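# Topology and contacts: notes
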Amino acid sequence: MIELLLLILVIVMVGLNSRTGKRLGALEKELEAIKADLSKRQTVAPPSSVTAISAEAAVDAIQDEPVSPIELAAREAHEEAPAVATQPAVVAEDVGTGQETVTPGPVPQPAAAQARTRENLESYLGARWPVWVGGVALAFGGIFLVRYSIEAGLLGPAARLTLAGIFGLLLLAAGEIVRRRAMPQISERYSHAMIPGALTAAGAVTLLAAIYAAYGIYEFIGPASAFVLLALVSFATIALSLLHGQALAGLGLLASLLTPGLVATEEPNATALFLFLGLTWLAVNAASRFRRWTVVPMLANIGVGLWAVAYVAGSDAFDPLQPVLALIVMIAGTGFFWPGSRYEAGASARTGWRGLLLRPPLKITLSIAIMTMLPALVMVLRHAEGAGMVLFGFVAITATLAALGASRIHAVWPAIIAAAGSILGITITALTWFDYVPQSVLPAPADGQPAQALTFTNEITVYLLLGAVFTLLGFVFLRRFRRPEPEFSIVWAFLMPAVPVALAFISFLNFGNLGRDWMHGLYGLGLGLALLGAAEWLFRQGGDATEGGTGPSIDWPANLLVAGSFGGFTLALHALTNGIVTTILVSVLGFAYLLAMRAKPWPALPWMMAAATLIVFGRIAWEPTLIGPNSLGTTPFLNALLPGYGIPTLLAIVSAWLLRESPDFRIRNLMQALASLAALMTIAVLVRHAMNGGVLDSRVPTLGEQSIYTLVTVGFSGILMTLDLRSPSPVFRFGSMIAGVIATINVLSLHIFALNPYFSGENTGRWPFFNLLLIGYLLPALAYGLVAWYARGRRPMPYVAMLAVAGAVLGFLWATLSVRRFWQGDNIADWKGFLQGETYTYSVVWLLIGVALLALGSKLDAKSLRLASAGLVLIAVVKVFLIDMSNLEGILRALSFIGLGAVLIGIGLFYQRILVNRSANPAPADSPADSQGTTS
């Protein structure tokens, strides 16, 4: 057991040192290159006017300068080197003559540089790895010595442990002696492969193994004594790391984190555990602050966070106070102790969003954010089990983490993760309460009394307060860092309204009174007013452009607060009103923001009307009746749907009209699209209600209802086309064509097949002409024809042809189905078959329609109509030869062919006359007739 423990510790120690060694080795190569470059470029001047700077001094200046963490040292040395190495030649001016002279520096010797390179290459095999391998060998030597004494029976347990302890102390003493007597050149060159560090690490491992053996194997000491001794050795190792490097600090940290797990007790004490972990964290960060380390503090954050997760998740009944205090100490120490404010200058120098997210010390800030939020969320998972203070502990951790993000400009990740964690926390709270509610927390009813309702006052209070904390911290951050930190200011301007609004909405929907909730309503009202006042304050201060005028032209923080105020007021409306009133008031609220543009030229104001319209669409999708299906009246049009849909639609149309000359084409086009969609949806819903007996459901529409939708869509296409001609807009232009395409898709899928009375069996009505076929086919055909005629020359030719073909198909179906209705009666279903007179009539009607189209096309000089006539006549010919010949008998068969022949001859004579007239009077090349083309 003890050998395995020591092996693990030594391997981890070597691994940590190897990683650090590689990075410092790269740094040494950079510094050697700098020295060689400085030797080439350096010039010498008289002492009275020039101070010579040696390469070693320049390197020392780089090393002594407050730099970023050790893993960034190589990069920063590379960035600083040109500034020193490329200094201009030193010019000395002679006072007597006034002439300037340049004194070149000494030329470096290539042999020296080559020797130094060979020495660095050899050092990896001869001076670096043997040091740490030797340290490992010493540690195992101590282990094997104790083992040999056991196997040989030379010494008793007490003597063995005493000798092991003495051996560990001797190694520590040897490390200190060697350190004090080491040559400065060795310390500088082999800083991460120092023999004193290896001896110290071996001694620490030996002492830790001896103490654990005394406790876990021989039981010479109790848990308390073992815990204290292990902690003292760990802390001593961390302290000695100030002399021997970060790897030794990692070893001491690892020993400290393993100590609570190695020392078992029947009565674990959470207070002692987290007090010890807190002291360990402070010790590591104290050493890191002095030596500017970042890797070991990150590991300390991870270790303490995992201990907190293990305690919260593994304890049968946990007390949240101890882990909460330990995590808060970690967050506060990160903000005020290490790294604290020491990285402010370096962080602010990194501009742009990428620089914002990757600011040093990234390892520390990201690890502290994740490893404090993770145990806090685990606490929330156990909240439903009855721990009363868990939510308050979660809020305390989240608020402290958010405060870190608001107080330090390098702590962007704590701010973001705190915001995400707060929203995730309330979601987990709601899910755990409603998935698992123990009987102990349910209010017990009194004798003969009904059970009391379960309340969530604590949950509502803590989450609303947490949202208010984010708003307050946003104010603080914008007051301090708005101008020097434009990107981070945008982040906080988004978080300070988004987090409280999201928390309040989730709280209201899960824990609030959906009828009327004054607590959430007043909270939303106060939040909206506060954010609106903050937006006014920011706008008065001016935009966030830099002094040189190179900053962004839009004041994003101020505009985001305007949007946040709209979110707060929307929350208040949902909490204090319901149903159709909320829907109407949301659109009125958005329209009020739009009208406020007359007093305040804030860019975000018109966008709130678009947001209000989208919210209205969402409410309609959630509950199309707005007031509930049982409360909706059956009177067509004059019911609750008219104001519920009509008022928001009217306000959207007026808003689009007010924005018709807006310089922001994006909001102008968006409002035009939303207003058009709202108008179409309002008409469709009112028609749906009227055609279904006052019921709005998901049943399949009838042909009559679908025909009204088709007429509305086609008409809507024509209206948008008219609006586009008067006020050109891409929304009107493309919207008109999209509406036409949607209507045509409905025609192809519903009018021709799905809802066709021939296939569906739907009754067509008793009236000869004013029946279902009129509204289902003839009226849409006329509408398509009018829109196609109106679109000629105004829309692409394929689109116009699509409309014309759709209208022609509908007209053809009306005529054909009317013939069937004439012979079959009100029901024209396919199962009735065909009569001989009906079959003959189809041929006559199709030929008459073809002749009519031919005449009309000749009069209007419309080639498309003439082509449609030819196609219809072709269909009639095919029908006569394939169907009439086999189905008709007697006089009907003869009349069918005689009529067909007469019509075809007449059409031929008609075309011959047209062609002769055109040959005698040819049209000019640019005439309309020539442009339309002729039919041969």
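All values reported here derive from a predicted model rather than from experimental measurement.

Moving on, we get to the packing of helix H24 (residues 641-658) against helix H25 (residues 665-691). Look at H24 against H25: their axes get within 8 Å of each other, and the N-to-C directions meet at 160 degrees. Regarding the angle of H24 to H25, the classification is roughly antiparallel. The hand of the H24/H25 crossing is left-handed. Judged by residue contacts, Leu641, Leu642, Tyr645, Gly646, Thr649, Ala652, Ile653, Ser655 and Ala656 of H24 engage Met671, Gln672, Ala675, Ala678, Ala679, Met681, Thr682, Val685, Leu686 and His689 from H25. Tallied by class, the residues present in the contact of H24 with H25 amount to 13 nonpolar, six polar and no charged.

What follows covers the pattern of salt bridges. Within the structure shown, the criterion is met by nine salt bridges. The partner of glutamate 536 in a salt bridge is lysine 600, and the shortest N-O contact between them spans 3.3 Å. With glutamate 536 in helix H20 (residues 518-541) and lysine 600 in the loop between helix H22 (579-595) and helix H23 (605-622), this pair connects stretches of sequence that are 64 residues apart. Its relative accessible area of 16% is what places glutamate 536 among the buried residues. In this structure, arginine 688 and glutamate 705 form a salt bridge, with 2.6 Å as the shortest nitrogen-oxygen distance.

Okay, H25 next. Over its 27 residues, H25 runs 39 Å from end to end, which matches the ideal 39 Å to within 8%, given 1.5 Å per residue. Just beyond H25, the residue with positive phi is glycine 693, at close to 65 degrees.

As a further point, take a nonpolar patch on the surface. On the surface, a cluster of nonpolar side chains totalling about 440 Å² of accessible area is made up of Leu595, Leu650, Val654, Trp657 and Leu658. Examining the composition of the nonpolar patch, we find that four residues originate from one element, H24, more than from any other. Counting through the fold element by element, tryptophan 657 comes out in helix H24.

As for its placement among the helices and strands, alanine 656 is situated in helix H24. Overall, alanine 656 belongs to the buried group, its relative accessible area being 11%. Considered as a pair, alanine 656 and alanine 673 are 17 residues apart in the sequence and their alpha carbons are 8.7 Å apart. Every residue in contact with alanine 656, bar those within four places of it in the chain, is listed here: Met671, Gln672 and Ala675.

Predicted confidence across the chain gives a mean pLDDT of 78, with 72% of residues reaching 70 or more. Predicted confidence is poor over residues 185-193, with pLDDT under 50, and the contacts of this stretch with residues over four places away or in other chains come to 27 contacts. Throughout residues 923-936 the model reports pLDDT below 50, and contacts reaching past four residues in sequence, or to other chains, amount to 17 contacts.

Bringing unusual backbone geometry into the picture now. Each neighbour pair has its own omega, and for tryptophan 338 with proline 339 the value is 5 degrees, a cis peptide bond. Here proline 339 is to be found in the loop between helix H12 (321-336) and helix H13 (344-348). Residue proline 361 is reached from proline 360 by a cis peptide bond, and omega for that bond is -5 degrees. Tracing the backbone shows proline 361 in the loop between helix H14 (352-357) and helix H15 (362-381). With a phi angle near 70 degrees, leucine 626 is a residue other than glycine that sits in the positive phi range. Counting through the fold element by element, leucine 626 comes out in the loop between H23 and H24.

What follows covers the packing of aromatic side chains. As enumerated under the stated definition, the model contains 20 aromatic pairs in all. On the numbers, 5.0 Å between centres and 50 degrees between planes, the contact of phenylalanine 477 with phenylalanine 481 is tilted. Here the residue phenylalanine 477 and the residue phenylalanine 481 both occupy positions in helix H18 (residues 457-481), the gap between them amounting to four residues, near one helical turn. Take phenylalanine 477 and phenylalanine 481: they sit in the same class, and that class is buried. Three or more aromatic residues joined by ring pairs make a cluster, and in this case those are Phe470, Phe477, Phe481, Phe488 and Trp492. In this arrangement the basic side chain of arginine 660 is found over the ring face of tryptophan 657, its NZ or CZ atom lying 3.9 Å from the centre. When the ring centre of phenylalanine 834 is taken as origin, the NZ or CZ atom of arginine 820, which lies over that ring, is 4.9 Å away.

Our next topic: the nonpolar core. Nonpolar side chains in soluble globular proteins tend to be buried together. Of all hydrophobic cores here, the largest spans 110 residues; its most connected members are Phe394, Tyr463 and Trp492. In terms of residue count, the dominant contributor to this core is helix H19 (residues 486-511) (eleven residues). Once residues lying within four places of it in the same chain are set aside, the contact partners of tyrosine 463 are Val380, Leu391, Phe394, Ser422, Gly425, Ile426, Thr429 and Leu503. Grouped together as the second largest cluster of nonpolar side chains are 26 residues, Leu703, Tyr758, Tyr777 and Leu810 included.

What counts and what doesn't
Residues numbered from 1 in each chain as written. Predicted model: local features only at pLDDT ≥ 70, side-chain atom pairs only at ≥ 80, totals over all residues. Heavy atoms only, no water. Axes fitted to C-alpha atoms, helices over the stretch in contact; angles between N-to-C directions. Helix = DSSP H or I, 4+ residues; strand = E, 2+ residues; numbered from the N terminus. Parallel < 35°, antiparallel > 145°, perpendicular 65-115°, else oblique. Left-handed = near helix turned anticlockwise from the far one by under 90°. Contact = heavy atoms within 4.5 Å. Nonpolar A, V, L, I, M, F, W, Y, C, P; charged D, E, K, R; others polar. Salt bridge = Lys/Arg side-chain N within 4 Å of Asp/Glu carboxyl O. Buried < 20%, exposed > 50% of the residue type's maximum accessible area, 1.4 Å probe, protein only. Expected span 1.5 Å × (residues − 1). Patch = residues over 30% accessible without salt bridge, like charges linked within 9 Å, V, L, I, M, F, W, Y side chains within 5 Å. Areas by Shrake-Rupley, 256 points an atom, 1.4 Å probe, with all protein chains shown as cover. pLDDT = per-residue confidence, 0-100. Phe/Tyr/Trp six-rings, centres within 6.5 Å; stacked < 30°, edge-to-face > 60°. Lys NZ or Arg CZ within 6 Å of the ring centre and 35° of its normal. Core = buried A, V, L, I, M, F, W, Y, C linked by side-chain atoms within 4.5 Å.

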